[in-house]
Amino acid sequence: MMNIRIATDLDRDDIKRIYSSAFPKGESEIVTKLAIELLAEKTTPSTIPLIAETNNFVVGHVTFSPVGIESNESCQAYILAPLAVQPGYQKRRIGSKLIEYGMQQLLAIGGNIVFVYGDPKYYGRFGFNAGAARNYTAPYKLQYPFGWQAVVLNEYILEKAPVAINCVASLCDPKLW
Ligand SMILES: CC(C)(COP(=O)(O)OP(=O)(O)OC[C@H]1O[C@@H](n2cnc3c(N)ncnc32)[C@H](O)[C@@H]1OP(=O)(O)O)[C@@H](O)C(=O)NCCC(=O)NCCS
């Protein structure tokens, strides 16, 4: 039986374990650091770190953090990062459920748009697409521009000309982009 809940400081070691085993060496250090820093970061609105557990064993983690959109303070934007599922528990829809759960929470609190920087083959199934993200300029130059995507939640008019977005401090590391 799988359960999803908000992550707390007590989940640090489990989160480290998931990221160090799910990502290859070299990448895992950077993403683990991000997941742990985001857990401690105080933001307004709040960051939403989620844990998936089966039989009290933590098997997945995702964080949604707020994003500021230059010249549009009324837009409530978030970014999904990072996401990982413990090897051995992958391909059982745990990642999907973490994403869907988080998006439902954001929808309920009036979130307008969610960004993600990742594989379109994976995130496309949740409605993420490059078109929705086109006029939002990421804080750093993207190594894989095709990975920059967004999905609109509560109705919202997309920017017609490029605007810059700002992320929380933990995401302000060019190595992540
Ligand atoms: C990517 C990841 C989070 C997916 O979690 P998961 O619980 O295994 O995913 P799900 O079971 O919900 O997958 C749903 C579908 O996506 C597919 N999928 C998984 N990873 C994929 C990928 N990288 N590219 C394309 N499709 C993928 C699965 O095969 C599955 O397809 P199906 O429904 O047709 O069987 C997990 O595999 C993982 O931690 N990978 C290593 C870390 C990583 O790459 N994180 C992504 C950071 S952007």
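Before going into details, it helps to say that this report is about the structure given with it. Here the structure is a predicted model, which means the values were calculated and not measured. Residue positions are given per chain, counting from 1 as you read along its sequence in written order. Residues qualify for local features only when their pLDDT is at least 70, as the model is predicted, and side-chain atom pairs are given and counted only at 80 or more; totals for whole chains, interfaces and linings, by contrast, use all residues. Neither water nor hydrogens contribute to the side-chain values; these are computed over all heavy atoms in the structure.

### Examining the layout of surface pockets
Which parts of space are left empty comes out when a probe the size of a water molecule is rolled across the atoms.
Okay, step 1: A volume near 1300 Å³ is recorded for the largest pocket.
Okay, step 2: Runs of E in the DSSP output that reach at least two residues are strands. Runs of H or I that reach at least four are helices, and both are numbered from the N terminus. Contributions of two or more residues to the lining of the largest pocket are made by helix 2 (27–40), strand 4 (77–85), helix 3 (94–108), strand 5 (113–117) and helix 4 (120–123).
Okay, step 3: A total of seven residues in the lining of the largest pocket trace back to one element, the largest contributor, which is strand 4.
Okay, step 4: Nonpolar residues are Ala, Val, Leu, Ile, Met, Phe, Trp, Tyr, Cys and Pro. Charged residues are Asp, Glu, Lys and Arg, and all others, Gly as well, are polar. Its residues assigned to classes, the lining of the largest pocket shows 23 nonpolar, six polar and seven charged.
Okay, step 5: Using only the protein atoms, space was sampled on a 1 Å grid; points where a 1.4 Å probe fits but cannot get out form cavities, open sets with protein on both sides within 12 Å along at least five of seven lines form pockets, and lining residues are those with an atom within 4 Å of a point. Grid points are joined across faces, edges and corners, and a volume is the space filled by probe spheres set on the points. By volume, the second largest pocket is sized at about 200 Å³.
Okay, step 6: Along its surface, the second largest pocket is lined by 14 residues, and Thr44, Pro45, Pro66, Val67 and Gly68 are the ones closest to its centre.
Okay, step 7: The leading source of residues in the lining of the second largest pocket is strand 3 (residues 57–69), at four residues.
Okay, step 8: A class-by-class count of the residues in the lining of the second largest pocket yields eight nonpolar, five polar and one charged.

### Comments concerning helix 3
Okay, step 1: Given a rise of 1.5 Å per residue, 15 residues ought to cover 21 Å, and the 21 Å separating the end C-alpha atoms of helix 3 matches this to within 8%.
Okay, step 2: What helix 3 keeps buried is the set Ile94, Gly95, Ser96, Leu98, Ile99, Gly102, Met103 and Leu106.
Okay, step 3: Just past helix 3, the residue Gly110 takes up positive phi, approximately 90°. One less than the number of residues in a helix, times 1.5 Å, gives the span that helix is expected to have. Classification of residues uses two cut-offs on accessible area relative to the type maximum, computed with a 1.4 Å probe and protein chains only: under 20% is buried, over 50% is exposed, and between them is partly exposed.

### Some remarks on the site of the ligand
Okay, step 1: The rule for a residue being near a molecule or strand is that one of its heavy atoms must lie within 4 Å of it. Taken together, 17 residues lie around the ligand, and Val85, Lys91, Arg93, Gly95 and Ser96 are the ones closest in.
Okay, step 2: Between the ligand and the protein, one listed contact pairs an oxygen atom with a side-chain N or O atom of Ser96 at 2.5 Å.
Okay, step 3: Tyr122 places a side-chain nitrogen or oxygen 3.3 Å from an oxygen atom of the ligand.
Okay, step 4: Judged by its atoms lying within 2 Å of the grid points, the ligand is housed in the largest pocket. Under the rule applied, a polar contact is a pair of N or O atoms within 3.5 Å (in protein, one hydrogen donor and one hydrogen acceptor; residues adjacent in sequence only if both atoms are side-chain atoms). A cavity or pocket is said to hold a molecule if more than half of that molecule's atoms lie within 2 Å of its grid points.

### Topic: the environment of Phe23
Okay, step 1: Structurally, Phe23 can be placed in the loop between helix 1 (12–22) and helix 2.
Okay, step 2: We classify Phe23 as partly exposed; its relative accessible area is 22%.
Okay, step 3: Each C-alpha atom of the pair Phe23 and Val85 lies 9.8 Å from the other, and the pair is 62 residues apart in sequence.
Okay, step 4: Contacts: residue pairs with any heavy atoms within 4.5 Å of one another. Discounting residues that sit within four places of it in the chain, Phe23 has contacts with Ser28, Val31, Leu83 and Ala84.

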